[in-house]
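# Overview (structure and organization)
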Amino acid sequence: TSNAMWGGRFSEAPDALMEAINASIAFDRRLARQDIAGSRAHAAMLAATGILTDRDAEAIREGLLTILSEIETGTFRFDSALEDIHMNVEARLAELIGEPAKRLHTARSRNDQVATDFRLWVREACDEAIAAIEALMRALLAQAEAGADWVMPGFTHLQSAQPVTWGHHMMAYVEMFARDRGRFADARRRMNECPLGAAALAGTSFPIDRDMTAAALGFDRPMANSIDAVSDRDFALEYLAAASICAVHLSRLAEELVIWSTAQFRFVRLSDRWTTGSSIMPQKRNPDAAELVRAKTGRVLGASVGLLTVMKGLPLAYSKDMQEDKERVFDAADALSLSLAAMTGMMADLRADPERLAAAAGAGFATATDLADWLVRALNLPFREAHHVTGALVARAEAAGRDLADLPLEEMQQIHPGITEAVFDVLGVAQSVASRRSYGGTAPERVREQIARWRAALG
Ligand code: ARG
C-alpha cells in the first residue's frame, strides 16, 4: 500500500531499495528527544494562537510525553517503513491519541522540523564539548601546577631548541583548548535561532507565533528568513569546524604522549589504566588510547569535509541530500567526546619524570641562544656576530664531544678573546628558563602567573 503520510497521490508502494536509500530512522532516532520537544512547542503555540483547540493540544502533549517515556525506556518500536524520526513519532502519536495527532503537522513541514531538531541536537553537542574541554583544561592545569618549574627540552622541528618548563608546555595546551572552547561557544551563539515556523520554505498562512516557539525551545529568536531557515546547515558545519580544530589539538597532544612515553624519551609514564600490553612482548606498555585519540581525528575531519561536500552544490531550499548531514555529525561528536574524555583521563593520571626532563633539557646545545645573548649583553656584539661566534663554539664543543658548559675557557677565548668566566653562568638550563621573564615566557614566575589566571577563570 502507499504511504500513510503522503500517499494521497500515490498508487504504488515504494521499491524496497527506495525505502533503503530513503530511510534515516536508523540514525535520526538520535533526534527523538529534540523532535518531541519541537512538537510540544509547536502544539502549545498552535493552541495559544487558536489554530488548535486546547483539548487537541492537551491530547498531543500527553501523547508526546508517553512517547518520550517509551523512547527513554527503550520500548518504542522504530519502523524504517516510516522513513524518519518525525514520521515515526507522528505515527505513534496517532496510535495513541487518534485524530488530534493528524492536526499536529498544521503550519509545519518536516523541513523546518528537522532543521529545528538538528539544531537543538548540535547546540547540545556544543555545550557538551565545552564542558568536556573544561575538564581537560583542569587536568592540564593540574599538570602545570605540579611541574611549573621542571625544566625540559623545548623543541622546534623536534630538534632541541631552548629549555622550557613542563608547566609552560602544559599551559600552551590550556590556551589552545581555551580557544576551542571559545569556538564552540561562538558557534552556539550564532546557531541559536529557531527555524520552526519556516514550514516547507515559504512560511505559512496560519497566524503562528514564531517568537513563542523560539523561546520555548531556548532559542534567542526565530530565524529571519524562512528559505534560509530550511536550507541552512552552517550550524552543523561550524560545529564540525570547531570540532576539527579541537581534534587536531588533541591529536598533537596525543602524538607528544606517544613520543614522550617511549623508552628512548621516558619523559612521561602513562598509567596502567591508559595503556595496554602485548600478547607476545612482555615488556610492552602501549599508548593505545593516545594513538586512538590521534586516529579519531580522521573521523572528525572526514565529517567536516564530508558535510561541506554534501552542501556545496545544493540549490535553495531543502534537498534530500541534507539528510546526509546527521550521521557524520553524530560520528564526529561521538569521536570528539570520547577523545576529550580519554585525554582527560590520561592527563589526570600522567606522571612526568622531572629528572628525565631535566637531563634531556640541556641536550643538543639547548643554551646556545643564552650564550649568544650573553655575548650581546657582556661584549656588546651585534646579535648576528654573536650568533656566528656561538655557532663556532657549538661546532668546537660538538667536535670535542662535549657540552658547551664543559668547554674550557681558554678554548672559548680562542674563538672570541673577550669571553670571560661569567659566561658559564648562562649555560645552565635552570638559569636559562629563569631568565625568560618576558610576558608569556617560560620563566617559572611567568608560568605561575598564567596558571593563576586560569585557576581563577576556571574556578
Ligand atoms: N529525514 C529528513 C531529513 O533528515 C527529514 C526532512 C524530510 N523532508 C522532506 N521534504 N522529505 O532531512
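Worth saying up front: this structure is predicted, and the values here are computed from it rather than measured.

## Quick notes on the site of the ligand
In the neighbourhood of the ligand, the contacting residues comprise Ser24, Asp28, Asp84, His86, Arg110, Asn111, Val114, Tyr318, Lys320, Gln323 and Lys326. In isolation the ligand has 340 Å² of accessible area, and contact with the protein removes 86% of it. By residue number, the principal contributor to the shell around the ligand is helix H6 (residues 110-146), which donates three residues. Of the residues belonging to the shell around the ligand, the class tally is two nonpolar, four polar and five charged.

## Structural notes on the layout of surface pockets
Estimated volume of the largest pocket: approximately 370 Å³. Lining the largest pocket we find 16 residues, and of these Ser261, Thr262, Ala263, Arg269 and Arg285 sit closest to its centre. Those elements giving two or more residues to the lining of the largest pocket turn out to be strand E5 (268-269) and strand E6 (351-352). Considered class by class, the residues forming the lining of the largest pocket number five nonpolar, five polar and six charged.

## Quick notes on the UniProt feature "domain: Fumarate lyase N-terminal" (unreviewed entry) in the protein chain
Under the UniProt annotation, "domain: Fumarate lyase N-terminal" (unreviewed entry) lies at residues 8-302. Taken end to end, residues 8-302 is 61% helix and 6% strand, and its first and last C-alpha atoms sit 40 Å apart.

## Re the pairing of strand E1 (residues 151-156)
Two strands pair when backbone bridges link them, and E1 and strand E2 (residues 159-165) are joined in this way by six bridges, in the antiparallel orientation. Residue Gly154 lies in a different strand from E2, and its bridge partner there is Gln162. The turn linking E1 back onto E2 is made up of two residues, and His157 within it adopts a positive phi angle of 60 degrees.

## With respect to the UniProt feature "domain: Argininosuccinate lyase C-terminal" (unreviewed entry) in the protein chain
In this numbering, the UniProt entry assigns the feature "domain: Argininosuccinate lyase C-terminal" (unreviewed entry) to residues 365-434. The straight-line gap between the two end C-alpha atoms of residues 365-434 is 17 Å; of that span, 61% is helix and 0% is strand.

## As for the nonpolar core
If you look at soluble globular proteins, the nonpolar side chains tend to sit buried side by side. Grouped together as the largest cluster of nonpolar side chains are 96 residues, with contacts concentrated most on Phe177, Phe184, Tyr239, Leu336, Met343 and Met347. Counting residues per element, this core draws most heavily on helix H10 (residues 234-260), which supplies 15 residues. If near-sequence neighbours (up to four positions away) are discounted, Phe177 is found in contact with Ile133, Leu136, Met137, Leu140, Cys246, His249, Leu250 and Leu253.

## Describing the packing of helix H3 (residues 32-48) against helix H4 (residues 54-73)
Running from N to C, H3 and H4 point in directions that differ by 170 degrees, and their axes come no closer than 9 Å. By the angle between their axes, H3 is roughly antiparallel relative to H4. Along its contact with H3, which presents Ala32, Arg33, Ile36, Ser39, Arg40, Ala43 and Ala47, the element H4 presents Asp54, Ala57, Ile60, Arg61, Leu64, Leu65, Ile67, Leu68, Ile71 and Glu72. When the residues that make up the contact of H3 with H4 are grouped by side-chain class, the tally is eleven nonpolar, one polar and five charged.

## A look at empty space enclosed by the protein
This model, assessed by the stated rule, comprises one cavity of 30 Å³ or more. Taken together, Asp35, Ser39, Leu64, His86, Val89, Glu90, Leu93, Leu104, Arg108 and Gln113 form the lining of the largest cavity. Contributions of two or more residues to the lining of the largest cavity are made by H3 and helix H5 (85-97). With four residues, H5 is the single largest residue contributor to the lining of the largest cavity. Counted by class, the lining of the largest cavity contains four nonpolar, three polar and three charged residues.

Reading the values: the criteria
- Residues numbered from 1 in each chain as written.
- Predicted model: local features only at pLDDT ≥ 70, side-chain atom pairs only at ≥ 80, totals over all residues.
- Heavy atoms only, no water.
- Near = heavy atom within 4 Å.
- Areas by Shrake-Rupley, 256 points an atom, 1.4 Å probe, with all protein chains shown as cover.
- Helix = DSSP H or I, 4+ residues; strand = E, 2+ residues; numbered from the N terminus.
- Nonpolar A, V, L, I, M, F, W, Y, C, P; charged D, E, K, R; others polar.
- 1 Å grid on protein atoms, 1.4 Å probe; cavity = no way out; pocket = protein on both sides within 12 Å on 5 of 7 lines; lining within 4 Å.
- Points joined across faces, edges and corners; volume = space filled by probe spheres on them.
- UniProt positions renumbered as here; feature names shortened; annotations may be inferred.
- Pairing = 2+ DSSP bridges.
- Core = buried A, V, L, I, M, F, W, Y, C linked by side-chain atoms within 4.5 Å.
- Buried < 20%, exposed > 50% of the residue type's maximum accessible area, 1.4 Å probe, protein only.
- Contact = heavy atoms within 4.5 Å.
- Axes fitted to C-alpha atoms, helices over the stretch in contact; angles between N-to-C directions.
- Parallel < 35°, antiparallel > 145°, perpendicular 65-115°, else oblique.

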